[in-house]
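Here is what each chain is made of, one letter per residue.
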Amino acid sequence: MTPRRTGSALLLSLSLALPALAAGELTLSASADADEVALDGTLRLQISATYADRGEPGQLELPPFADFDVVGRSQSDQMSFVFSNGAPSFRHTILTNVTLTPRRVGDLTIEPARVEYQGKTYRTQPIRIHVVPAGQARRGGGRPDPSAGTDDGAPEDRAPDGLDPFADVHPGQRDLLVRASVDNDRPFVGQQVTWSLYLLSRVNVSSLDKLLLPRLDGFWTEDIESPQQLVAEPRTIDGVQYSAYLLRRRALFPLRAGKATIEPAEVGLVTGFGMLFSRGSSRRSSQPVQLDVQPLPPGRPPGFDPGNVGDWTLTATVEPVNVAVGQPVTLRLVASGRGNVRDLQLPKLGNIAGLRAYDPTTSDHETVDKGQVTGTRTVEQLLVPERTGPVEIPALSMEIFDPAQKAYRTLRTAPVGLSVVAAPQGQAPAEPVAQNLLAAGGMRPIRLRLATASAGAAPWSEPWFWPALGAPPFGLALLLGVSRLRRMMMIDPERQRVKLARTAAARRLRGAQALLARGDAGAFYAEIARAVTGYLADKQGILSAGLTREELAEAVARRGHGEETVRRLIRLLDDCDRMRFSPGSGDAPAREAMLGRADQVLSELDRGRA
Amino acid sequence: MTLLLALLLAASDAQGMQLFADANAAYLSGDVARAIASYEALASEGVLSPQLETNLGSAYARQGKRGLAALHFERALFLDPGDDDARSDLVELRRGNVDRLEGELEEGGAETVARLLAPLPGAVAAIALLVLWSACWVLLGVRIARGGSRWASIAATGCFAALLLSALVTWGAAASRRMALQRAVVIAAAAPAREGPSDKSSSRFEVHEGTTARVEDEDGGFRRLKLANGLVGWVPKAAVELVVPPGWAGRGRPES
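Values in this document were obtained by computation on a predicted structure and should not be read as measured data.

Hey, could you go over the overall build of chain B for me, with residue numbers and the actual values?
Counting secondary structure elements, chain B contains 8 helices and 7 strands. Counting only contacts in chain B whose residues sit at least 6 apart along the sequence, the fraction spanning at least 24 positions is 59%.

Outline the overall build of chain A, supporting the account with residue identities and numerical values.
Across its full length, chain A carries 7 helices and 30 strands. Evaluated residue by residue, chain A yields a buried proportion of 26% over its 610 residues. Nonlocal contacts in chain A, meaning residues at least 24 apart in sequence, comprise 73% of its contacts between residues at least 6 apart.

Account for the sheet that holds strand β18 (residues 266-271) of chain A, naming residues and giving values.
Residues and elements named next belong to chain A. In spatial order, the strands read β13-β18-β19; together these 3 strands make up an open sheet with antiparallel pairing. Two strands lie at the open edges of the sheet, namely β13 (205-212) and β19 (280-285), each paired on one side alone. Recorded for the sheet is a direction-independent mean angle of 20° between the axes of neighbouring strands. In terms of strand pairing, β13 meets β18 through 6 bridges, oriented antiparallel. When the sheet's bridge partners are listed, Val 205 is paired in β18 with Thr 271.

Tell me about the sheet that holds strand β8 (residues 114-117) of chain A, and name the residues and values.
Sheet strands pair via backbone hydrogen bonds, and the direction of the pair is either parallel or antiparallel. Residues and elements named next belong to chain A. The strand order β4-β8-β9 describes an open sheet built from 3 strands, whose pairing is antiparallel. Looking along the sheet, the strands with just one partner apiece sit at the ends: β4 (59-61) and β9 (120-123). Pairwise comparison of adjacent strand axes, ignoring direction, gives a mean angle of 25° for this sheet. Sheet topology note: the β8/β9 ladder contains 4 bridges and is antiparallel. Bridging across to β9, Tyr 117 finds its partner in Lys 120.

Run through the interface of chain A and chain B, naming residues and quoting values.
Tallying the contact residues gives 27 residues for chain A and 38 residues for chain B. Looking at side-chain class alone, the side of chain A that touches chain B contains 19 nonpolar, 5 polar and 3 charged residues.

Can you break down the environment of A:Ala423 residue by residue, with the values?
If you trace the backbone, A:Ala423 turns up in the loop between β30 (416-421) and α2 (465-489). Sequence separation between A:Ala423 and A:Arg387 is 36 residues; the distance between their C-alpha atoms is 10.0 Å.

Now, about the environment of B:Ala175: what can you tell me, with residues and values included?
Residue and element names in this part refer to chain B. When you line up the elements, Ala 175 lands in helix α8 (residues 150-182). Judged by the 17 C-beta atoms lying within 10 Å of it, Ala 175 is partly exposed. Spatially, the C-alpha atom of Ala 175 lies 8.8 Å from that of Ala 118, the residues being 57 residues apart in sequence.

Before we move on, could you go through the environment of B:Ser203 and cite the residues and values that matter?
Residue and element names in this part refer to chain B. Topologically, Ser 203 is positioned in strand β3 (residues 203-208). Separated by 10 residues in the primary sequence, Ser 203 and Ala 193 place their C-alpha atoms 5.5 Å from one another. Look past the residues within four positions of Ser 203 in its chain and what remains in contact with it is Pro 192, Ala 193 and Arg 194.

Give me the lowdown on unusual backbone geometry, citing residues and values where you can.
Residue and element names in this part refer to chain A. A cis amide bond links Glu 319 to the next residue, Pro 320, at an omega of -15°. Among the secondary structure elements, Pro 320 is positioned in the loop between β21 (310-319) and β22 (322-324). One non-glycine residue, Phe 65, lies in the positive phi region at around 50°. The backbone of Gln 118 sits at a positive phi, close to 50°, despite the residue not being glycine.

Can you tell me about the packing of helix α3 (residues 50-62) of chain B against helix α4 (residues 66-79) of chain B, naming the residues and giving the values?
All names here are of chain B. Look at α3 against α4: their axes get within 7 Å of each other, and the N-to-C directions meet at 165°. By the angle between their axes, α3 is roughly antiparallel relative to α4. In this structure, the crossing between α3 and α4 has a hand that is left-handed. Within the contact between the two elements, α3 uses Pro 50, Glu 53, Thr 54, Leu 56, Gly 57, Tyr 60 and Ala 61 and α4 uses Arg 66, Leu 68, Ala 69, His 72, Phe 73, Arg 75, Ala 76 and Leu 79. Tallied by class, the residues present in the contact of α3 with α4 amount to 9 nonpolar, 3 polar and 3 charged.

Go over helix α4 (residues 521-540) of chain A with me, naming the residues and quoting the values.
Residues and elements named next belong to chain A. For α4, which comprises 20 residues, the first-to-last C-alpha distance of 28 Å matches the rise-based estimate of 28 Å (1.5 Å per residue) to within 8%. Taken across its 20 residues, α4 has 14 buried, putting it largely inside the fold. Two residues or fewer past α4, Gly 541 is found with a positive phi of approximately 75°.

Could you give an account of the nonpolar core, naming the residues involved and the relevant values?
All names here are of chain B. Ranked by internal contacts, the top residues of the largest apolar core, which has 47 residues, are Tyr 39, Phe 73, Val 185, Val 186, Val 235 and Val 240. If one sorts the elements of this core by residue count, α4 sits on top with 9 residues. Two domains each put at least three residues into this core: domain 1 (2-94) and domain 3 (183-242). Setting aside chain neighbours within four positions, we find Val 235 in contact with Ala 191, Ala 193, Val 207, Phe 222, Arg 223, Leu 225 and Val 240.

Could you give an account of the pairing of β18(A), naming the residues involved and the relevant values?
Pairing analysis gives 6 bridges linking β18(A) to β19(A), with the strands arranged antiparallel. If you follow A:Thr271 over to β19(A), its bridge partner there is A:Gly280.

I'd like to hear about the confidence of the model for chain B, residue by residue, with values.
Summing up the model confidence of chain B, the mean pLDDT is 84 and the portion of residues at 70 or higher is 87%. Scored by ipTM, the complex comes to 0.76, with pTM at 0.40.

Conventions used here
All residue numbers here refer to positions counted from 1 along the written sequence of the relevant chain. To label them, take the chains in the order written and letter them from A, then take the ligands in the order written and number them from 1. At least 70 in pLDDT is required for a residue's local features to be given in this predicted model, at least 80 for side-chain atom pairs to be given and counted, and no such filter applies to totals for whole chains, interfaces and linings, which use all residues. Helix numbering and strand numbering both begin at the N terminus, where a helix is a DSSP run of H or I of at least 4 residues and a strand a DSSP run of E of at least 2. Here contacts are defined at the residue level, using C-beta atoms placed from the backbone and a cut-off of 7 Å between them. Burial in this document is a count-based property: other C-beta atoms within 10 Å of a residue's C-beta are tallied, and the residue is buried at 20 or more, exposed at 12 or fewer, or partly exposed in between, with C-beta positions derived from the backbone. At least two DSSP bridges between two strands are required for those strands to pair. Each axis is a line fitted through C-alpha atoms, and for a helix only the stretch in contact is used; angles between axes span 0 to 180 degrees, taken between their N-to-C directions. Just so you know the grouping, Ala, Val, Leu, Ile, Met, Phe, Trp, Tyr, Cys and Pro go in nonpolar, Asp, Glu, Lys and Arg go in charged, and all remaining residues, Gly too, go in polar. Oblique is the label for any angle not covered by the other classes, which are roughly parallel (under 35 degrees), roughly antiparallel (over 145) and roughly perpendicular (65 to 115). Helix crossings get a hand from a simple test, with the near helix turned counterclockwise from the far one by less than a right angle marking a left-handed crossing and a clockwise turn marking a right-handed one. Multiplying one less than the number of residues by 1.5 Å gives the expected span of a helix. Here, a nonpolar core denotes buried Ala, Val, Leu, Ile, Met, Phe, Trp, Tyr and Cys residues that are linked to one another through C-beta atoms within 7 Å. The source of the domain bounds is an automatic or database domain assignment. The predictor attaches a confidence to each residue, called pLDDT, with possible values from 0 through 100.

And the structure:
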């Protein structure tokens, strides 16, 4: 919204009215430079009193300004002669300028001003002003005034509006303000941002008793200005005079991209001069400052280090370039320019055949030039030639990002040639001036011999492993089981013989019967005797072969057999022996009877034993 | 026939050695791409060698392929857990990893224990376990058959103690091997870890090349990955590669 201006028409009507002024009269008028103003703006009221004689001017009584605050006032006199109808007439004009700021929104009225002059009372007309909410009218609301900001010779605007620390200040605010500002609120990572802290005052400030700066995490910082004394610089803001004091100025180098906030600074002030009772103390804080740190643009060249941001130059020198073998030369690599020198990464010299390199030393030198941090980083490295002949130190290159050009650049040094000659006789090689520090780490060299590993599965994952583990207990259990079974199944031959003794005897008797059928009487009786003696041996355990008949009888009796059984046994054996060796060997019925007797004896022996 | 087979194997070994030497020469002359091609050719032929894997890892590291470099160093350690070069290179490589695991290790250091156990002679211990186990049972059988004797008791005690030791070593080696078979390395520059095995599932976090994790499951084109601090997500199968070499027992040959 643009305020409507009325001042030009008023001045024109005033100048036309002047010739009509008679002596002893006063012309009083008032005008505002706008009929509409924002709540955070200012308005200039000009009251003009023109007298037609040289007498004492009347006393101007300003309106009470019920709806306005007076934030500034000035007065000027003008004397002039006007020729009207061929006769000169005198004019004395007193211009009173009052700067006002509204207290509320709405239609407000500037009450009439009053002058008592030569017994008369003169009044201006009331002026109606429409006040809109803050920010809806052009800040200041006043008509462009060629004299604005030049009353004290100080320009009104000293920085682009968005970065001016006082851009949001209007005289309706307090008398003491602390403002922080940055010169660039969208810097790249590593680019300098200048942060300044100002005090703006409409009262006298005698000293600063406290200054608490914000923590500046996420930035490299360098002090640019730290004034030891308060030096006032006049500023006019919306027609109101202030004194601006620079409290601190620092260079910030953002370390990472993204939104960043610089927290408020706190300031303690002593105001007033002289008398003890006119002094006072105040505390103020600045506003937080927001930064939107831009990441470095894409397309980083290989080997670019994020610390290499700025406007740099790179040079390399070697001294001396003619040297005897074993004598050191100094390679000096110098980067200088604008930017954060402490974060700068200079290129490293690689291995050069014929040169032994020692650890480099680095030194930095920083200065401030027109608010910009500049510096020089110097890397010095001692090189000792180990052979004669020409040796070239190759060109070194460094990638940088220049935020001014918003582009990456490659800085290159020129290659430097060394001429190494043989050392004069008797000259000892220079003593090592530094130790060769061998830091652990880094990738190891490759291996040249190949040894293969088998892809075999682990034994426990083989199908045979778990059965093999189960085999021993299973085997032992099997062995024990078989043994027990065998023991259970095993037959005692002694018992078997005893058990089968009767069967064997019966078989022999059947054999004897067969012999009898063939007519072999000797064999028949021998077989009967063998059946009985065999039974005695098997069943009774009596070997009759080596025994006399008495001993046999005694042995059988000892086995618990009855006397009759023993007697029958002995007689049977005797009969068999006799019949076997006697001619004829008896008749058939006798032989049948012998079989019957043998069977009876065996039965008795069997029973008796049982 | 056997002689012919032996001759063929020897000829194949000689060719492999020559290829390895050529790859090393290419690497040393700065032709890393050719060195990698030769090393990979050897690996695809089924050559399992910690030296081959270490060299391949170094070559990939030179090319800036951190994921593949880490994978081959891990493979070298899988083949030879005592390989100092591979271990050192892996530590150096991991210094530049994008992923930094925060929080306590959920595995309770099991990974570390497995690493410590890896050099144990598992195969020898398993065979010893088998022999000692059998001996214990034989001694028991003798005791049952012939009754106890002093020497038999001493022998049985010694045998049992050795059996316990070999069982422990075998268990440790088996645990380590089991974990090693699940180990995988992220080889893609970055991969989203999703809630489920689908591109439509929401992404929980992102993993970057060189990060080692455990593969817990597979489904379609995704693998369920568990990081050492317990973070779990499904990542595309092509983004992670198992450490166990293709063709190793328990893992098939890669699909051609």
